[in-house]
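Letter by letter, the chains look like this.
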Amino acid sequence: MISEKQFNKEIDIIIANAIREDVGDGDHSSLACIPEDARGTAKLLVKDEGIIAGIEFAREVFEYVDPGLELDIKIEDGSPVKYGDVCFYVSGLSQSILKSERLVLNAMQRMSAIATKTNEYVKLLEGTNTKILDTRKTTPGIRALEKWAVKIGGGENHRFALYDMVMLKDNHIDFCGGITKAIEKTKRYLENNHLDLKIIVEARNLSEIEEILQSEGVYRILIDNFNYEDTSKAVKLINGKCLTESSGGITLETARKYAECGVDYISSGALTHSVYNMDLSLKAVK
């Protein structure tokens, strides 16, 4: 996984690029009718229900736009919220609040939706030893926000990107000429380039799992698109030699059954690619 320092750098890039995109050479609507020294207060109002996420991100946005803005947080990230709740008040220059508004709302609405969906999976898996993982099926440019939201919702992050973990999937294996060849070439590559990266290998059937187990150094086997019966067989076959992960169209309706097969992880792209934004608004306090 990427370091905290690198993750924070990704957040900084997202904020800078989003403000550049949205503000450009100036928020002319505010500049036209609001005095430069006018001050005000706004509240983050919840008009939905679920798990709130993005409070700390909002703090970073306000700090970036105007360090003089003051944030009074009433509800923390990861808390359940309902219609009418106020998550925070922000006070300071009115122009600065308005300049920050759209980025804060866009991010928090998306993050809260992801955290809410992730939390549904987490609750479903209670009582098992299985943890829910996200994937790289994220919105281009804001992956750090979406993976942050998964953590807030109680899930765990898979690899962040192509550079922080090796994942040998079906196309890698087929292009390389086979599972064993792909694993051995990967291990040599990592050694020659002094890279300390974990290796995950995808299996399409039980015979491929048997072949993977003949190689040393595999961190996790991705049990992809297996039915419940074959997933249970796969877990027994692996028998703790490495970690196990189920994936492939797993939904809220099927996740519990896969967990009961004994896998260590379930990964779901739906955490980030199939959510409906939570309804939030930033309203001036009169």
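Residues numbered from 1 in each chain as written. Predicted model: local features only at pLDDT ≥ 70, side-chain atom pairs only at ≥ 80, totals over all residues. Heavy atoms only, no water.

K.L.:
Tell me what's going on with the overall build of the chain, and back it up with residues and numbers.
P.N.:
Each helix and strand counted, the chain has 11 helices and 12 strands in total. C-alpha atoms of the chain, sized along the principal axes, occupy 70 × 40 × 25 Å. Evaluated residue by residue, the chain yields a buried proportion of 47% over its 286 residues. Of the contacts formed within the chain by residues at least 6 apart in sequence, a portion of 70% connects residues at least 24 apart. (Helix = DSSP H or I, 4+ residues; strand = E, 2+ residues; numbered from the N terminus. Buried < 20%, exposed > 50% of the residue type's maximum accessible area, 1.4 Å probe, protein only. Contact = heavy atoms within 4.5 Å.)

K.L.:
Describe the nonpolar core, listing the residues and the values that go with them.
P.N.:
In a soluble, globular protein the nonpolar side chains are often hidden away together inside. Formed by 80 residues in total, the largest nonpolar core has its most connected members in Phe-57 and Phe-88. When residues of this core are assigned to their parent elements, the largest contribution, 11 residues, is made by helix α4 (residues 94-124). Each of two domains, domain 1 (4-115 + 276-284) and domain 2 (123-267), supplies a minimum of three residues to this core. (Core = buried A, V, L, I, M, F, W, Y, C linked by side-chain atoms within 4.5 Å. Domains from an automatic or database assignment.)

K.L.:
Summarise the packing of helix α1 (residues 4-23) against α4; cite the residues concerned and give the values.
P.N.:
Packed helix pairs are characterised by how far apart their axes lie and by the angle those axes make with each other. Two elements in contact, α1 and α4, have axes separated by 10 Å at closest approach and are oriented at 115°. With respect to the hand of their crossing, α1 and α4 are arranged in right-handed fashion. For the pair formed by α1 and α4, the contact residues are Ile-15, Ala-18, Ile-19, Asp-22 and Val-23 on the first element and Lys-99, Arg-102 and Leu-103 on the second. Looking at side-chain class alone, the contact of α1 with α4 contains 5 nonpolar, no polar and 3 charged residues. (Axes fitted to C-alpha atoms, helices over the stretch in contact; angles between N-to-C directions. Left-handed = near helix turned anticlockwise from the far one by under 90°. Nonpolar A, V, L, I, M, F, W, Y, C, P; charged D, E, K, R; others polar.)

K.L.:
An account of the UniProt feature "domain: Quinolinate phosphoribosyl transferase N-terminal" (unreviewed entry) in the chain is requested, with residue identities and associated values reported.
P.N.:
As recorded in UniProt, the feature "domain: Quinolinate phosphoribosyl transferase N-terminal" (unreviewed entry) lies at residues 28-112. Counted over residues 28-112, helix gives 42% and strand 28%. Its end C-alpha atoms are 30 Å apart. (UniProt positions renumbered as here; feature names shortened; annotations may be inferred.)

K.L.:
Could you give an account of the sheet that holds strand β9 (residues 220-224), naming the residues involved and the relevant values?
P.N.:
Here 6 strands make up an open sheet; going across it, the order is β6-β11-β10-β9-β8-β7 and the pairing parallel. Single-partner strands in this sheet number two, and they are β6 (131-133) and β7 (166-168). Taken over all neighbouring pairs, the strand axes of this sheet differ in orientation by 25° on average, direction set aside. Relative to strand β11 (residues 265-267), β6 runs parallel, the two being bridged by 3 bridges. Its bridge partner lying in β11, Leu-133 is registered against Ser-267. (Pairing = 2+ DSSP bridges.)

K.L.:
Go over the layout of surface pockets, please, and point to the residues and values.
P.N.:
There is about 540 Å³ of room inside the largest pocket. Considering the residues around the largest pocket, the lining is formed by 28 residues, among which Thr-135, Arg-136, Arg-159, Met-167 and Lys-169 are closest to the centre. A per-element tally of the lining of the largest pocket places β7 first, with 3 residues. The residue inventory of the lining of the largest pocket, partitioned by class, reads 12 nonpolar, 10 polar and 6 charged. If you add up the space inside the second largest pocket, you get close to 360 Å³. (1 Å grid on protein atoms, 1.4 Å probe; cavity = no way out; pocket = protein on both sides within 12 Å on 5 of 7 lines; lining within 4 Å. Points joined across faces, edges and corners; volume = space filled by probe spheres on them.)

K.L.:
Mind laying out the sheet that holds strand β12 (residues 280-284), listing which residues take part and the relevant values?
P.N.:
Pairing in this open sheet of 4 strands is antiparallel, and the strands run β3-β5-β1-β12 from one edge to the other. Each having just a single partner strand, β3 (70-73) and β12 make up the two edges of the open sheet. Recorded for the sheet is a direction-independent mean angle of 20° between the axes of neighbouring strands. Note: strand β1 (residues 39-46) against β12, 5 bridges, orientation antiparallel. Paired with Lys-43 across the bridge in β12 is Lys-283. Along the sheet, α4 makes contact with β1, β5 (86-93) and β12, crossing β5 at roughly 155°.

K.L.:
Account for α1, naming residues and giving values.
P.N.:
Taking 1.5 Å as the rise per residue, α1 with 20 residues should run 28 Å; its terminal C-alpha atoms sit 28 Å apart, in good agreement. If you check which residues of α1 are buried, you get Phe-7, Ile-11, Ile-14, Ile-15, Ala-18, Ile-19 and Val-23. Along the axis of α1, the buried residues cluster in a sector spanning 120°; they form a single face. Away from its buried face by more than 90 degrees, α1 exposes Lys-5, Arg-20 and Glu-21. Taken together, the buried residues of α1 touch α3 (55-65), α4 and α5 (143-152). Positive backbone phi, approximately 55°, marks Gly-24, located one or two places after α1. (Expected span 1.5 Å × (residues − 1). Arc of directions from axis to C-beta.)

K.L.:
Can you lay out the pattern of salt bridges for me, pointing to particular residues and giving the numbers?
P.N.:
Applying the stated criterion across every chain, the model contains 13 salt bridges. For the salt bridge of Asp-174 with Arg-204, the shortest nitrogen-to-oxygen distance reads 3.1 Å. Of the two residues, Asp-174 is situated in helix α6 (residues 170-176) and Arg-204 in the loop between β8 (199-203) and α8 (206-212); the sequence distance between them amounts to 30 residues. Relative accessible area serves as the criterion here: at 49%, Asp-174 is assigned to the partly exposed category. Note on Arg-204: relative accessible area 34%, which makes it partly exposed. (Salt bridge = Lys/Arg side-chain N within 4 Å of Asp/Glu carboxyl O.)

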